[in-house]
Amino acid sequence: MKPTTYIFDLDGTLLNTLEDLSSSVNHAMEQCHYPTHSTDRVREMVGNGVRRLIERAVPQGTPADDTQRALSIFQEYYLAHNEDKTQPYDGILPMLRTLKQRECKIAVVSNKFDKATKALCQKYFPDLIDVAIGENESQGIRKKPHPDMVALALQQLSSSAGEAVYIGDSEVDIATAQSSDLPCISVLWGFRTKDFLSSHGARILVDKPSDIINLSVKPLRS
């Protein structure tokens, strides 16, 4: 099956956001007088949303109120600095343009908070992304790996699971595809290694964005 709907993760899949995420985490840690983290350590902590990121970044045993303060500092700083070093990975823009030329539907679902997700998609992918959905659990939409965000994207695109594929760079994305009954393409240019992804169930792996364009996948349900 050649998909007609493509649902992408954002961080580590379409955009290399690691440097800006790391800087924002460490700004929050410094403001709260906590130890800072290396970029490689932040790479390991991302994937489950910004709240979980900050919970991992603050010292173990940090009170909930102090963790919330660090999260608020992070969010404010990141919204102001999420374009400092962030860029699409090489080959992403031509890949998306080709899919649009073929009249495919394209969505982004991210555990990054909704405001930042929409702002980054508008900044870097104007007219290429049909639907952008970020974390918004206050509205009753559970974040990945729950299927809620993918289901909402499919609804907004007027698409079905039988014509869609999910693309991401992490174990969270593999689990999201599974919970959504979608085939999963795992990318090797993001925040996780090939061995790590394979050990977490990745079956379709691609080395470069252009590999996605002509890839056929087996639908998990029609």
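Look above for the structure.
Computed from a predicted model, the values in this text were never measured in an experiment.

## A closer look at the packing of aromatic side chains
Using the criterion set out here, one finds 3 aromatic pairs in the structure. Between tyrosine 6 and phenylalanine 8, the ring centres sit 6.4 Å apart and the planes meet at 20°, which makes this aromatic pair stacked. Tyrosine 6 gets classed as buried once you look at its relative accessible area, which sits at 1%. On the accessibility criterion, phenylalanine 8 (1% relative accessible area) is buried. Measuring from centroid to centroid gives 5.6 Å for phenylalanine 74 and tyrosine 78, while their planes differ by 5°, and the two rings are stacked.

## Concerning the pairing of strand β5 (residues 131–135)
β5 sits mainly inside the fold: 4 of its 5 residues count as buried. Pairing of strand β4 (residues 105–113) with β5, which is carried by 4 bridges, proceeds in the parallel orientation. Residue pairing across strands places alanine 107 opposite valine 131, the latter belonging to β5. Read as a crossover between parallel neighbours, the route from β4 over helix α6 (residues 114–124) to β5 is right-handed.

## As for unusual backbone geometry
Of note, the amide linkage connecting lysine 144 to proline 145 takes the cis form, showing an omega dihedral of 15°. Unlike most non-glycine residues, histidine 33 shows phi in positive territory, near 60°. Along the chain, histidine 33 turns up in the loop between α1 (18–31) and α2 (39–45). Taking the relative accessible area as the measure of exposure, histidine 33 reaches 74% and is therefore exposed. Positioned with a positive phi, aspartate 127 is a non-glycine residue whose angle comes to about 70°. When you line up the elements, aspartate 127 lands in the loop between α6 and β5. By relative accessible area, which is 74% here, aspartate 127 ends up exposed.

## What to know about the pattern of salt bridges
In this structure the tally under the stated criterion is 13 salt bridges. We note a salt bridge from glutamate 44 to arginine 41, for which the minimum N-O separation is 3.2 Å. Here the residue glutamate 44 and the residue arginine 41 both occupy positions in helix α2, the gap between them amounting to 3 residues, near one helical turn. Glutamate 44 gets classed as exposed once you look at its relative accessible area, which sits at 52%. A salt bridge links aspartate 148 to arginine 142; its shortest N-O distance comes to 2.9 Å. Put simply, Asp9, Lys144 and Asp173 are held in one network by salt bridges that share partners.

What counts, and at which threshold
- Residues numbered from 1 in each chain as written.
- Predicted model: local features only at pLDDT ≥ 70, side-chain atom pairs only at ≥ 80, totals over all residues.
- Heavy atoms only, no water.
- Phe/Tyr/Trp six-rings, centres within 6.5 Å; stacked < 30°, edge-to-face > 60°.
- Buried < 20%, exposed > 50% of the residue type's maximum accessible area, 1.4 Å probe, protein only.
- Helix = DSSP H or I, 4+ residues; strand = E, 2+ residues; numbered from the N terminus.
- Pairing = 2+ DSSP bridges.
- Right-handed = clockwise from strand over helix to strand, strands pointing away.
- Salt bridge = Lys/Arg side-chain N within 4 Å of Asp/Glu carboxyl O.

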